[in-house]
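Tertiary structure, described
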Amino acid sequence: MKEDRINIKQLLSAALKYWYLYALLFPMAIGLAYLYLRITPKKYEATAMLLIKDEEKSGQIVEEAIFDELGVLGKKKKSLENEVLILKSTPIMEHVVQNLELQYEYFNLEFLKKRDLYKNSPIHVVDWKPNSDNAVVDARIEIQNNGTYLLTEEDKRQYQGEFGKELRLPAGKLTLSYSRGKDIPGAVGLVISPPKEKAKGLLDALDVSAVGELSSTVTMTYKDVDPQRAEAVLTELMALYNQQSIDEKNSVFENSLDLLNERIKLISRELADAEQNVETYRRRFNMVEMSAEGGLLLKELADYNREISGTDIQLEILGSIESFLERNKDNFEFVPTNININNLTLTSQIQNFNELLRQRERQKNVYGASHPDIVLTEKQIKNLRQTIIDNIRSIRTDVQIGRNAKREMSSNIENRMASLPTRERELLDKERKKDLTENIYVYLLQKREQSAISLASTTATGRVIEPAESSDPVSPKVAQIMLIALFLGLALPSGIAFMVESMNDKIQNEEDIQRITTATVAGVLASSRKKSRLVVKENSTSAAAEMFRLLRANLAYIMPGKDLKSLLVTSGVPGEGKSFIALNLGVTQALAGKKVVLLELDLRKPSQEFEDLESTDDGVVNYLIDPSLTPEMIIQNTGLHLNFDVIRCGAKPPNPGELILSTRLRELVAYLKGKYDFVILDTPPVGVVADALQVKDMADATMYVVRAGYTRKADFQTINDIIQKDKLPKPFIVLNAVKLNKRGYGSGYYSSYYGDEN
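Here the structure is a predicted model, which means the values were calculated and not measured. (Residues numbered from 1 in each chain as written. Predicted model: local features only at pLDDT ≥ 70, side-chain atom pairs only at ≥ 80, totals over all residues. Heavy atoms only, no water.)

**Comments concerning the overall build of the protein**
Cut-off, in case you're wondering: Secondary structure elements are taken from DSSP: a helix is a run of H or I of four residues or more, a strand is a run of E of two residues or more, and numbering for both begins at the N terminus. Residue exposure (1.4 Å probe, protein chains only): buried if accessible area is under 20% of the type maximum, exposed if over 50%, otherwise partly exposed. Note on contacts: a residue pair qualifies if any of its non-hydrogen atoms lie within 4.5 Å across the two residues. Using a 1.4 Å probe, the Shrake-Rupley method yields the accessible areas, and only the shown protein chains count as cover for residues.
Helix and strand counts for the protein come out as 22 helices and 21 strands. Taking all 758 residues of the protein together, the buried fraction comes to 45%. Pairs at least 24 apart in sequence give 78% of the contacts found in the protein among residues at least 6 apart. Roughly 39,100 Å² of accessible area belongs to the protein as shown, and the carbon and sulfur atoms make up 51% of that amount.

Laid out in structure tokens, this is it:
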């Protein structure tokens, strides 16, 4: 058996046999591709690049840069993944939809196609008041000449409306306007969607991804049928993202300003009272300046008071933050951080608290208010708030101890001041109180100014590196679609053809035989269109006759150097034409001048091919049973040629298997070999009964007949078994009933050279 290899010629031959499939499916594939390109709108891709700035290196004026003396810990780097989630969140895209009015879609209704109008629509939704949040309108609007229009909804209900006036629909109240300079042929399609649902649809066309692992830059792409709208969506999305980041940062500074303003109001009143007391005392006793000793004591006392005032400021700030946290137990707010906090741990805790608040806001934008991640974050915020309050109380205790020590030192100086004159001592005390209050007031004013500067100079988190810009259409890809159509137009009919061929388990041609057996194919015989048992006649030039002559010539190569005297003819199953071939081969040999005899050995079921031959009363069965009969008594001429005789089967025996084994049969064949030039043994199918195997000793070679379109490929196990186990002498194959109009056998050559007589 030969190995399976791809035969290009055979594949082409099989494909050409089903040419009508290609004629049908190839134009259909091209037509469907054209129709798809016709009805599918082109999509454009807009691209933009946004840098997510690291606030530590962004150049922004932040509280760490303003208050170096606080020693605040550095901020955590912003998680790029979180920012990508924010950019792809539904709430921010919903704002984009509302700002650009993308919930209103306008179409030009053409044949098999909807052309998006966007800014080129002659109608525009001025006002839409839906009856519910999920209200949807899908309508067709026909513009009329008198400033009115006819609105037809999807369910065929129609409403007459007037531009500029409110129209009541089942879903809500609609007001439309009309621009005469944008007239288009045909009706205008209008689809109104809920902004949230529209936003979800837009997110499907949005892609946000980081440029690289070491970069904080993201690339944003958005696909749309209108390039202007694609650019507008990305531009608005980046603007909203930056505005959201600015608002988030400003909330901290605004809280700081509120706290500082509250303290400044209180201190300003105390300072005014202190200054008034000093001025009144000086005027009352006509005192211009103090003595040198008093000035020196005042300077020392001022130094200690400055330290005490700083400590008092710390205590007031700690108390304010504690009060702020206690006051907002049920409503989380950003804690002011740009105020003087000398404890690094507390500063870090407050920053973490504010960062958790920012994280919660982002999660709300991405997941909604009741997501488990938000619940977990709020639990962390509550725990951290209580930790901050406990830490503040501990810090206040430590600060109070330090203040008491400084106050004791200040008391020593005050005792030294007791030796001063009474009036000078009293003035010194009033000056000290005024300076203390003034120091606090000046410090708070500085902090308020710094907070105001921070609020005014707040920058956005994102920086636009590449503005939104659309490209040429990215889909549908015309060349790709046409290539796919060409491929399918060829692949589908080819697949069907090869599937049909693979499901056909019958032998079709000589190549099929060569792939499944090593036996030699000695001849290929044509199928005759004439319903005649005899196709070979004297002077016949038909293709079938010439093929039998070619088979006769090929028999000389079966036994090189020897004379082929006897030929056993068999097949795998009945109906493959072995008796037909045996009869016509006998005529062919007789026409060549040989004396031929055909011995019918299918004792079980005699062939119908021999029924029209002249017959004697006795046949092979009679000869084997009756010893008195001689060979000459059962031999008769076929009537087809003088050199062609036949021995018929005769009576049907009850024991054909035993008769085949008789010695008298072998004596008969030996006699025939001596009298005739060529002996043909027509035996039963070897795949059905074993009779053919029993007469192998009487034949020089075996012809195994295969019928095209009839013999199954699985039946070749029989001939392969015969070859492998040497069950029959020199087996070879003859392929019968090949239609010359099938490709591969060149019927045109036979027809033109010999004439069409078959």
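**Quick look at the sheet that holds strand β17 (residues 636–637)**
Short version of the rule: Two strands pair if DSSP finds at least two bridges between them.
The strand order across the open sheet formed by 8 strands is β14-β21-β20-β15-β19-β16-β18-β17, and the pairing between neighbours is mixed. A strand with exactly one partner marks an edge of an open sheet, and here the two such strands are β14 (520–526) and β17. Pairing between β17 and strand β18 (residues 644–647): 2 bridges, direction antiparallel. Pairing of asparagine 637 across the sheet is with aspartate 645, part of β18.

**Things to note about the packing of aromatic side chains**
For clarity, the cut-off: Think of it this way: a Phe, Tyr or Trp ring, Trp meaning its six-membered ring, pairs with another when their centres are within 6.5 Å, and the plane angle makes it stacked under 30 degrees, edge-to-face over 60, tilted otherwise.
Under the counting rule described, the total for this entry stands at 5 aromatic pairs. With a centroid separation of 6.1 Å and an interplanar angle of 70°, the aromatic rings of phenylalanine 548 and phenylalanine 580 are classed as edge-to-face. Within this pair, whereas phenylalanine 548 is found in helix α14 (residues 543–554), its partner phenylalanine 580 is found in helix α15 (residues 578–591), the two being separated by 32 residues in sequence. Aromatic rings pair up to connect Tyr18, Trp19 and Tyr20 into one cluster.

**A look at helix α19 (residues 663–675)**
Every α-helix carries 3.6 residues per turn, so stepping three or four residues along brings you back to the same face. Basically, it comes down to this: Take the residue count of a helix, subtract one, and multiply by 1.5 Å to get its expected span. Within this analysis, the arc is defined by the directions that extend from the helix axis to the C-beta atoms.
Counted at 1.5 Å a residue, the expected span for α19 with its 13 residues is 18 Å, and the 19 Å between its end C-alpha atoms agrees. Every buried residue belonging to α19 is among Arg664, Leu665, Leu668, Val669 and Leu672, and all of these are buried. Around the axis of α19, the buried residues are gathered within 140° of arc, so they sit on the same side. Facing away from the buried side of α19, by more than 90 degrees, are the exposed residues Thr663 and Gly674.

**Observations regarding the sheet that holds strand β4 (residues 123–130)**
Applicable threshold: Axis lines are fitted to C-alpha atoms, over the contacting stretch for helices. Their N-to-C directions set the angle, which ranges from 0 to 180 degrees.
Read from one edge to the other, the open sheet built from 3 strands follows the order β4-β9-β8, with strand pairing classed as antiparallel. Pairing within the sheet leaves two strands with one partner each, and these edge strands are β4 and β8 (166–169). The mean angle between the axes of side-by-side strands here comes to 25°, regardless of whether they run parallel or antiparallel. Bridging between β8 and strand β9 (residues 172–178) involves 4 bridges; their strand directions are antiparallel. Each residue of the ladder has a partner; that of glutamate 166, found in β9, is threonine 175.

**Digging into the confidence of the model for the protein**
Applicable threshold: A score between 0 and 100, pLDDT records how confident the predictor is in each residue.
Considering every residue of the protein, the mean pLDDT works out to 79; 78% of them sit at 70 or more. Confidence drops under pLDDT 50 across residues 56–78; counting only partners more than four residues distant or on other chains, this segment forms 49 contacts. Confidence over residues 746–756 falls short of pLDDT 50; this stretch has 14 contacts with residues more than four positions distant or in other chains.

**Focus on α15**
Here α15 spans 20 Å end to end across 14 residues, near enough to the 20 Å set by a 1.5 Å rise per residue. Burial of α15 is extensive: 13 of the 14 residues sit out of reach of the surface. Looking one or two residues beyond α15, the residue adopting positive phi is glycine 593, at roughly 95°.

**Topic: the pattern of salt bridges**
Worth spelling out the cut-off: Counted as salt bridges are all cases of a side-chain nitrogen of Lys or Arg within 4 Å of a carboxyl oxygen of Asp or Glu.
As enumerated under the stated definition, the model contains 21 salt bridges in all. Arginine 140 is the salt-bridge partner of glutamate 142, the closest N and O atoms lying 3.6 Å from each other. Under the relative-accessibility criterion, glutamate 142 is labelled partly exposed at 33%. A salt bridge links arginine 549 to glutamate 546, with the nearest nitrogen and oxygen atoms 2.7 Å apart. Of the two residues, arginine 549 and glutamate 546 both sit in helix α14, 3 residues apart, roughly one turn of that helix. Exposure remark for glutamate 546: the relative accessible area of 16% places this residue in the buried category.

**Looking at the packing of α14 against α15**
Defined as follows: Should an angle fall under 35 degrees it is called roughly parallel, over 145 degrees roughly antiparallel, and 65 to 115 degrees roughly perpendicular, with every other angle called oblique. As a working rule, the residues Ala, Val, Leu, Ile, Met, Phe, Trp, Tyr, Cys and Pro are called nonpolar, Asp, Glu, Lys and Arg charged, and the rest polar, with Gly in that last group.
Across the interface, α14 lies against α15 with an axial gap of 10 Å and an inter-helix angle of 75°. Classified by the interaxial angle, the pair formed by α14 and α15 is roughly perpendicular. Contacts between α14 and α15 involve Phe548, Arg549, Leu551 and Arg552 from the former and Phe580, Ile581, Asn584, Leu585, Thr588, Gln589 and Leu591 from the latter. Considering only residue class, the contact of α14 with α15 consists of 6 nonpolar, 3 polar and 2 charged.

**Comments concerning a nonpolar patch on the surface**
Basically, it comes down to this: Two distance rules govern patches: like charges are joined within 9 Å, and nonpolar side chains (Val, Leu, Ile, Met, Phe, Trp, Tyr) within 5 Å, applied only to residues with over 30% relative accessible area and no salt bridge.
Residues Leu24, Met28, Leu32, Leu35 and Ile39 make up a contiguous nonpolar surface patch of about 440 Å² in total accessible area. Tracing the backbone through its elements, the reader meets leucine 35 in helix α2 (residues 19–39). Judged by relative accessible area, leucine 35 falls into the partly exposed class, the value being 36%.

**Re the environment of isoleucine 308**
Note that isoleucine 308 resides in helix α8 (residues 292–327). Linking isoleucine 308 and asparagine 404, residues 96 residues apart in sequence, is a C-alpha distance of 8.8 Å.

**Quick word on the side chain of threonine 570**
Going by this rule: Here a polar contact means two N or O atoms within 3.5 Å. Within protein one must be a hydrogen donor candidate and the other an acceptor candidate, and residues neighboring in sequence count only if both atoms are side-chain atoms.
Its place among the elements puts threonine 570 in strand β15 (residues 566–571). Among the polar contacts listed, one links the side chain of threonine 570 to the backbone oxygen of proline 684, at a separation of 2.9 Å. Threonine 570 has contacts with Lys578, Thr683, Pro684, Pro685, Val686, Ala692, Thr702, Met703, Tyr704, Val705 and Leu728, leaving out every residue within four places of it along the chain.

**A short note on unusual backbone geometry**
Positive phi values are uncommon outside glycine, yet tyrosine 118 reaches one of about 50°. Residue placement: tyrosine 118 occurs in the loop between β3 (113–116) and β4. For lysine 730, which is not glycine, the phi torsion reads 35° and is therefore positive. Note on placement: lysine 730 falls in the loop between α21 (716–725) and β21 (731–738).

**With respect to the packing of α2 against helix α12 (residues 478–503)**
Any two packed helices are characterised by how steeply their axes cross, that is the angle between the axes, and by the distance between the axes. Put simply, the rule is: Here is the rule for handedness: rotate from the far helix to the near one, and if that takes an anticlockwise turn smaller than a right angle the crossing is left-handed, while a clockwise turn gives right-handed.
At a minimum axis distance of 9 Å, the contact between α2 and α12 shows a crossing angle of 155°. One element, α2, and the other, α12, form an angle in the roughly antiparallel class. As α2 packs across α12, the resulting crossing turns out to be right-handed. Packed against α2, whose contacting residues are Leu21, Tyr22, Leu25, Phe26, Ala29, Ile30, Ala33, Tyr36 and Leu37, the element α12 presents Val478, Ile481, Met482, Ala485, Leu486, Gly489, Leu490, Leu492, Pro493, Ser494, Ile496 and Ala497 at the interface. Of the residues that constitute the contact of α2 with α12, the class distribution is 19 nonpolar, 2 polar and no charged.

**Details of the nonpolar core**
In plain terms, the rule: Throughout, nonpolar core names a set of buried Ala, Val, Leu, Ile, Met, Phe, Trp, Tyr and Cys residues whose side chains join them through atoms within 4.5 Å.
Counting 44 residues, the largest nonpolar core has Leu599, Ile647, Leu665 and Leu672 as its most contacted members. Leucine 599 has contacts with Val620, Ile647, Leu665, Leu668, Val669, Leu672, Ile680, Leu681 and Asp682, leaving out every residue within four places of it along the chain. Judged by nonpolar contacts, the second largest core, of 37 residues, contains Val535, Met547, Leu567 and Val587.

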